[in-house]
Amino acid sequence: MTSPVKFTAADPSVIKLFVASRVSAHSTLRACYEHHKFPDICEGPASTLVENATVLRHWERLTTNPAVGQITPEILRGFRKRLMTESIKIGTKKTKRSPATVNKILRTLAAMITPLWPADRHNPGGLGLVPFCQIPKPLPRQRTLAFIYSRKQMTALYEAADACVLSGQCRIRSLYNPLLWRTAMVLALNTGPRTWDLCGLKWSDFRWNEFRYGAVYYQSRKTCKFQATPLNRCARAHLDRVRALRIDSDRVFPDFNKGKAFYAAWHRICAKAGVTADFEDFRKTCSTLHDEVERDTGAWLCGHPVRGTNDSYYQNFTRRILKAIYSLKQPKAYRMATAEFMSDQAM
């Protein structure tokens, strides 16, 4: 007697076995997606799977989860309205979704529904399960200038890092170490990762012998792209100081996790510095200031796509990027601390 075949949850064949072999206009959007698109998407980036799963959860929560044959423009407009008016929590603040976020969710939803429309010359593989209905038009985006820190503000934040310590706190936590906060600010400005990519860095992500001062390699949690960024003198000096203290053998920023404690510590630093902004604004500052040194280097540092064929296939950015990274003028507090750390190493 042969033993039964075992499957894991990650095996796409599970979907093929347990989802009905045929879906119809009476099936849910999730059933159609899992049957027709999931096997192909499994071969793509993991971020696409996560994004689609999130949109499906929104759809099932904010609609009556109708059969695909019953999807109408009114249902789609109602879904968009609920996305716009629903309160969501970002950090410690309650807010509404931005027009850009709503538009992104609707684009993902459209990619799920379009293959279910009747076939035509634009959609030759259409399954004809959903009557053709217009997807709501994108919301107008509010075009505002991105906030970036001045060097004076970054100096004030750096000097106010002592405020990270919670008053009356007896428990020793790395989250309340001013040096780690200062090092996080330095890396945020000079390497440009998203906040939680930065806070999740491990010592094994650094290659100390590459380029002049080393380099950091990490994978973006949002896009799953790998990024390799050279370090400059300021970033290397701060990392060497943290490494010498042996705070943690694995993570550079232990206890720097998404949650109330992180945001509360950051808000205390901002209050002492007299600055009102988000930590993520360091990423915008990184992109802007590096572009002022050498064009297009900010986009590269932040892991954004280059613009066109010439940039993709004919441009070599290496010299330009290294020049921008090594030449970027640091805030006064960063420069003074770097000189002190380098002097201590020389003794």
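Here is what the cut-offs are and how they apply
- Residues numbered from 1 in each chain as written.
- Predicted model: local features only at pLDDT ≥ 70, side-chain atom pairs only at ≥ 80, totals over all residues.
- Heavy atoms only, no water.
- Helix = DSSP H or I, 4+ residues; strand = E, 2+ residues; numbered from the N terminus.
- Buried < 20%, exposed > 50% of the residue type's maximum accessible area, 1.4 Å probe, protein only.
- Contact = heavy atoms within 4.5 Å.
- Areas by Shrake-Rupley, 256 points an atom, 1.4 Å probe, with all protein chains shown as cover.
- pLDDT = per-residue confidence, 0-100.
- Salt bridge = Lys/Arg side-chain N within 4 Å of Asp/Glu carboxyl O.
- Phe/Tyr/Trp six-rings, centres within 6.5 Å; stacked < 30°, edge-to-face > 60°.
- Pairing = 2+ DSSP bridges.
- Arc of directions from axis to C-beta.
- Core = buried A, V, L, I, M, F, W, Y, C linked by side-chain atoms within 4.5 Å.
- Axes fitted to C-alpha atoms, helices over the stretch in contact; angles between N-to-C directions.
- Parallel < 35°, antiparallel > 145°, perpendicular 65-115°, else oblique.
- Left-handed = near helix turned anticlockwise from the far one by under 90°.
- Nonpolar A, V, L, I, M, F, W, Y, C, P; charged D, E, K, R; others polar.
- Polar contact = N/O pair within 3.5 Å; in protein donor to acceptor, adjacent residues only side chain to side chain.

A word on the overall build of the protein chain
Consideration 1: A count of helices and strands for the protein chain gives 16 helices and five strands.
Consideration 2: Here the protein chain holds 347 residues, and the buried ones make up 43% of them.
Consideration 3: Of the contacts made within the protein chain by residues no fewer than 6 positions apart, 65% connect residues no fewer than 24 positions apart.
Consideration 4: Carbon and sulfur atoms provide 54% of the accessible area of the protein chain, an area that totals close to 19800 Å².

Points about the confidence of the model for the protein chain
Consideration 1: Scored by pLDDT, the protein chain comes out at a mean of 86, with 85% of its residues at no less than 70.
Consideration 2: Predicted confidence in the protein chain is weakest over helix α1 (residues 13-18), with a mean pLDDT of 38, and strongest over helix α7 (residues 151-159), with 98.
Consideration 3: Considering only residues more than four positions removed or in separate chains, one finds that residues 1-21, a stretch of pLDDT under 50, has 14 contacts.

Side note on unusual backbone geometry
Consideration 1: A positive phi angle is found at R246, which is not glycine, with a value near 50 degrees.
Consideration 2: Overall, the relative accessible area of 74% leaves R246 in the exposed class.

So, the pattern of salt bridges
Consideration 1: According to the stated counting rule, one finds 15 salt bridges in the structure shown.
Consideration 2: With a shortest N-O distance of 2.8 Å, D240 and R243 are connected by a salt bridge. Taken together, the positions of D240 and R243, both in helix α10 (residues 233-245) and three residues apart, correspond to about one turn of that helix.
Consideration 3: When its relative accessible area of 33% is taken as the criterion, R243 is described as partly exposed.

Let's talk about the packing of aromatic side chains
Consideration 1: Counted under the stated rule, the structure contains 22 aromatic pairs.
Consideration 2: Considering the side-chain rings of W203 and W208, the 6.3 Å spacing of their centres and the 40 degrees angle between planes classify their relative orientation as tilted.
Consideration 3: What makes W203 buried here is its relative accessible area of 14%.
Consideration 4: Among the aromatic residues, ring-to-ring pairing joins F147, Y149, W181, W196, F253, F256, F262, Y263, W266, F279 and F282 into one connected group.

What to know about the sheet that holds strand β4 (residues 215-219)
Consideration 1: If you walk across this open sheet you meet the three strands as β3-β4-β5, and the pairing is antiparallel. Both outer strands of the open sheet, β3 (206-207) and β5 (226-230), are each paired with one neighbouring strand and no more.
Consideration 2: Two strands pair when backbone bridges link them, and β4 and β5 are joined in this way by five bridges, in the antiparallel orientation. For A215, the partnering residue across the bridge sits in β5 and is P230.

Section: the environment of R320
Consideration 1: For R320, the location among the structural elements is in helix α15 (residues 318-327).
Consideration 2: By relative accessible area, which is 15% here, R320 ends up buried.
Consideration 3: It is 9.1 Å that separates the C-alpha atoms of R320 and V293, two residues lying 27 residues apart in sequence.

Structural notes on α7
Residues spaced three or four apart along an α-helix point in a common direction, a consequence of the helix completing one turn every 3.6 residues.
Consideration 1: Within α7 the residues assigned to the buried category are M154, T155, L157 and Y158. One face of α7 carries all of its buried residues, which in axial projection span an arc of 165 degrees.
Consideration 2: Packing partners of the buried residues in α7 comprise α8 (178-191), α10, α11 (260-273), α12 (281-293) and α16 (332-346).

Quick look at the nonpolar core
Consideration 1: Ranked by size, the top nonpolar core spans 53 residues in total, and within it L157, W181, M185, W266 and F282 carry the most contacts.
Consideration 2: Of all the elements in the fold, those that place two or more residues in this core are α7, α8, α9 (195-199), β4, α10, α11, α12 and α16.
Consideration 3: In terms of residues, this core owes the most to one element, α8, which gives nine residues.
Consideration 4: If we ignore the near neighbours within four places in the chain, the residues touching M185 are L157, Y158, A161, W266, I269, F279, F282 and Y334.

Let's talk about the packing of α10 against α16
Consideration 1: Contact pair α10 / α16: the axes reach a minimum separation of 9 Å and the direction vectors enclose 55 degrees. Classified by the angle their axes make, α10 and α16 are oblique. Handedness of the crossing formed by α10 with α16: left-handed. Where α10 approaches α16, its residues R233, C234, A237, H238, D240 and R241 are matched on the opposing element by Y334, A337, T338, F341, M342, D344 and Q345.
Consideration 2: Of the residues contributing to the contact of α10 with α16, the split by class is six nonpolar, three polar and four charged.

Some remarks on the side chain of S220
Consideration 1: Among the secondary structure elements, S220 is positioned in the loop between β4 and β5.
Consideration 2: There is a polar contact of 3.2 Å between the side chain of S220 and the side chain of R194.
Consideration 3: Every residue in contact with S220, bar those within four places of it in the chain, is listed here: R194, D197 and K225.

Concerning the environment of K329
Consideration 1: Its place among the elements puts K329 in the loop between α15 and α16.
Consideration 2: Overall, K329 belongs to the exposed group, its relative accessible area being 52%.
Consideration 3: Distance from K329 to V293, taken between C-alpha atoms, is 9.2 Å for residues 36 residues apart in sequence.
Consideration 4: Discounting chain neighbours no more than four positions away, the residues touching K329 are R151 and R335.

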